[in-house]
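Here's the letter readout for the chains.
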Amino acid sequence: MRSLALLAASMLCLSAASLCGAAAAEDKIVNIYFWYDYVPADTITEFEKQTGIKVVYDTFDSVDMLTTKALTGGSGYDIIMPGAALVGQYAKAGAIQKLDKAKIPNAGGLNPDIMAFLARQDPGNVYALPYAYGTTGIMYNPAKVAARMKDAPVDSLDMIFKPEIAAKFQDCGIAMVDSPEGVMSVALNYLGFDPFSTDEAELRKAGALLAAIKPYIRHFKSGSIMSELAAGDLCLALGWSGDAIGANARAADSKNGVDVRYSVPREGTEIFFDVMTVPVDAPHPENAHALMNFLMAPQVSARFTNATLYPNAVQAATPLVDETVRDNPNIYFSKDMLKRLFAAQPRDPKSLRLVTRLWTSFVTGTN
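Remember, it's a predicted structure, so these values are computed and weren't measured experimentally. (Residues numbered from 1 in each chain as written. Predicted model: local features only at pLDDT ≥ 70, side-chain atom pairs only at ≥ 80, totals over all residues. Heavy atoms only, no water.)

Per the secondary structure count, the protein includes 18 helices and 11 strands. On C-alpha atoms alone, the protein measures out to a radius of gyration of 21 Å, which is about the 21 Å that the 2.2 N^0.38 rule sets for 367 residues. Taking the principal axes of the C-alpha coordinates as reference, the protein spans close to 65 × 50 × 35 Å. Here the protein has roughly 15400 Å² of accessible surface; of this, 53% comes from carbon and sulfur atoms. For the protein, the centre of its 33 positive side-chain charges and the centre of its 39 negative side-chain charges are spaced 3 Å apart. (Helix = DSSP H or I, 4+ residues; strand = E, 2+ residues; numbered from the N terminus. Rg over C-alpha atoms; globule rule 2.2 N^0.38 Å. Areas by Shrake-Rupley, 256 points an atom, 1.4 Å probe, with all protein chains shown as cover. Lys, Arg positive; Asp, Glu negative; His and termini not counted. Charge placed at Lys NZ, Arg CZ, Asp CG, Glu CD.)

Right under this line is the structure:
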């Protein structure tokens, strides 16, 4: 795999010599602001060896941290990684620049179905490139669940949203990601409403749905769900697909006998995208385009997926992904499954304020 990635890196500059030459005119550095551990170390090493451009990798652990830097400006970053739903906001604020696709030839191999989803937030796909995607769904420990409820509907959001079912798992722990808009959209869809409804009555019904299960939710610590599931300290969570699959891998590595599984809810759910964008005041935009192109190379994208278990949108990477990953329907979705998914949409300020209030009330248990 390493030799294939090195070959891909070599071919990158051979096929885009003008890009590498342009990058040479800038300081040999590219500053990126990504989620933690989202670029394998050997990928960074190979890019640096091939181009002579040093990668400075800073991380954030909340979208609010990223948005503050993006909208304030002057961050010094060359590539930042928001969720796709924020691209429109950043573009409207003049915080990010249009990409020069001629400098990212590997972007031509991106999955058109995924690009169609992204076009709903980024019309024409001019500001952002997909790096990874996943879904919000049901993460569970099958042994703990079966011990408390035989024939539990593990492929349904009833596991989380029906109080009489959630109550069965209170003792072994239920967690939920701290994602107000994401969870609210899933709750609205579960109730049969538009996931991005702005109707106050519908939003309040979704808030009431969440409030009814508050007594059974142990915590909303997104960052600890993976490790707790892997250790067997939780039996159920509403969370992100990659974390569930990562938790199972951690448990297998530790040989602790814990099994963690994941289901895309049959009612449908959110599909989310982590995308690469270039700030309008990026100090090294040529280097940014060079790194993005490198990360879109099939062998490099496949390595990312094998390391993190989050799928990528590079079509030619799929055959290079480990078979157990690419054949998992909860990671690489069928066209039928894609029809049941919805991509996040930006909310208007009024409904966003209501969503925020309802979420705060849910998390704190206040009215």
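With that settled, consider the state of the cysteines. If you walk through the whole model with that rule in mind, you get 1 disulfide. Note that Cys172 is cross-linked by a disulfide to Cys235, the S-S spacing being 2.0 Å. Sign of the S-S torsion, about 60° for the bond between Cys172 and Cys235, identifies this disulfide as right-handed. With Cys172 in the loop between helix 9 (163–166) and strand 6 (174–176) and Cys235 in the loop between helix 12 (225–231) and strand 7 (236–240), this pair connects stretches of sequence that are 63 residues apart. As far as burial versus exposure is concerned, Cys172 and Cys235 are alike and both buried. (Disulfide = S-S within 2.5 Å. Buried < 20%, exposed > 50% of the residue type's maximum accessible area, 1.4 Å probe, protein only.)

The subject of this paragraph is the environment of Arg347. Along the chain, the position of Arg347 falls in the loop between strand 11 (341–343) and helix 18 (349–364). According to the relative accessible area criterion, Arg347 is buried, its value standing at 11%. Distance in space between the C-alpha atoms of Arg347 and Ala307 is 33 Å, their sequence separation being 40 residues. Setting aside its immediate chain neighbours within four residues, Arg347 contacts Glu181, Met184, Ser185, Leu188, Pro195, Phe196, Ser197, Leu203, Leu352 and Val355. Here the side chain of Arg347 touches Pro195 through a polar contact of 2.9 Å, landing on its backbone oxygen. At 2.9 Å, the side chain of Arg347 and the backbone oxygen of Ser197 are in polar contact. (Contact = heavy atoms within 4.5 Å. Polar contact = N/O pair within 3.5 Å; in protein donor to acceptor, adjacent residues only side chain to side chain.)

This part covers the packing of aromatic side chains. Under the definition given, this model contains 20 aromatic pairs. Ring geometry for Tyr38 against Phe304: centres 5.3 Å apart, planes inclined by 85°, an arrangement best described as edge-to-face. A residue pair is termed long-range when its members are at least 10 positions apart, and Tyr38 in the loop between strand 1 (29–35) and helix 3 (41–51) and Phe304 in helix 15 (residues 298–308) qualify at 266 residues. When its relative accessible area of 6% is taken as the criterion, Tyr38 is described as buried. Here Phe304 falls in the buried class, since its relative accessible area comes to 3%. Ring geometry for Tyr131 and Phe304: centres 4.5 Å apart, planes at 50°, overall tilted. Taken together, the residues Tyr131 in strand 5 (residues 129–140) and Phe304 in helix 15 connect sequence positions 173 residues apart. Taking the relative accessible area as the measure of exposure, Tyr131 reaches 4% and is therefore buried. Among the aromatic residues, ring-to-ring pairing joins Phe34, Tyr38, Tyr57, Tyr131, Trp240, Phe272, Phe304 and Tyr310 into one connected group. (Phe/Tyr/Trp six-rings, centres within 6.5 Å; stacked < 30°, edge-to-face > 60°.)

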